[in-house]
Amino acid sequence: MKLDSVKRTLEQMSCPEHGNHPVVTVFRDKIDIKCCCEAFRSNLIKKSEKLIADIAKKEIEDSLKKMFK
């Protein structure tokens, strides 16, 4: 699964309290998020879970479409 789009989306977000952008690193199938505060980090983790679920769902749907063509 390609997580580059998740990385780009998360890096565009900024902390509502401090105004800083996170540093997001992708290691194969894992994402590391470094940011200014824990509240912003937990928000980013929730957002990344949703984004990853959406990507997985799309990849599964695409695979099934190809399988039944």
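The rules behind these values
- Residues numbered from 1 in each chain as written.
- Predicted model: local features only at pLDDT ≥ 70, side-chain atom pairs only at ≥ 80, totals over all residues.
- Heavy atoms only, no water.
- Core = buried A, V, L, I, M, F, W, Y, C linked by side-chain atoms within 4.5 Å.
- Buried < 20%, exposed > 50% of the residue type's maximum accessible area, 1.4 Å probe, protein only.
- Helix = DSSP H or I, 4+ residues; strand = E, 2+ residues; numbered from the N terminus.
- Contact = heavy atoms within 4.5 Å.
- Pairing = 2+ DSSP bridges.
- Axes fitted to C-alpha atoms, helices over the stretch in contact; angles between N-to-C directions.
- Parallel < 35°, antiparallel > 145°, perpendicular 65-115°, else oblique.
- Left-handed = near helix turned anticlockwise from the far one by under 90°.
- Nonpolar A, V, L, I, M, F, W, Y, C, P; charged D, E, K, R; others polar.

Participant: Before we move on, can you summarise the nonpolar core with the specific residues and values?
Facilitator: L3, V6, L10, C15, V24, I33, C37, F40, L44, L51 and I55 form the largest nonpolar core, which has 11 residues in total. Every element with two or more residues in this core is listed here: α1 (4–12) and α2 (38–67). Other than its neighbours up to four places away in sequence, L10 contacts P22, V24, I33, L44, K47, S48 and L51.

Participant: Describe unusual backbone geometry, listing the residues and the values that go with them.
Facilitator: Although it is not a glycine, R28 adopts a positive phi angle of roughly 50°. Following the sequence through the fold, R28 ends up in the loop between β1 (23–27) and β2 (30–34).

Participant: Please set out the pairing of β2 residue by residue, giving values where relevant.
Facilitator: The pairing of β1 with β2 spans five bridges and is antiparallel. Note that in β2 the partner of V23 across the bridge is K34. In this antiparallel pair of consecutive strands, β1 and β2, the connection spans two residues, and R28 shows a positive phi of 50°.

Participant: Provide a residue-level description of the packing of α1 against α2, including the pertinent values.
Facilitator: For the pair α1 and α2, interaxial distance at closest approach is 10 Å and the crossing angle is 150°. In this view, α1 runs roughly antiparallel relative to α2, as classed from their interaxial angle. α1 and α2 meet at a crossing whose hand is right-handed. Contacts from S5, V6, T9 and L10 in α1 reach L44, K47, S48, L51, I52 and I55 in α2. Taken together, the residues of the contact of α1 with α2 sort by class into six nonpolar, three polar and one charged.

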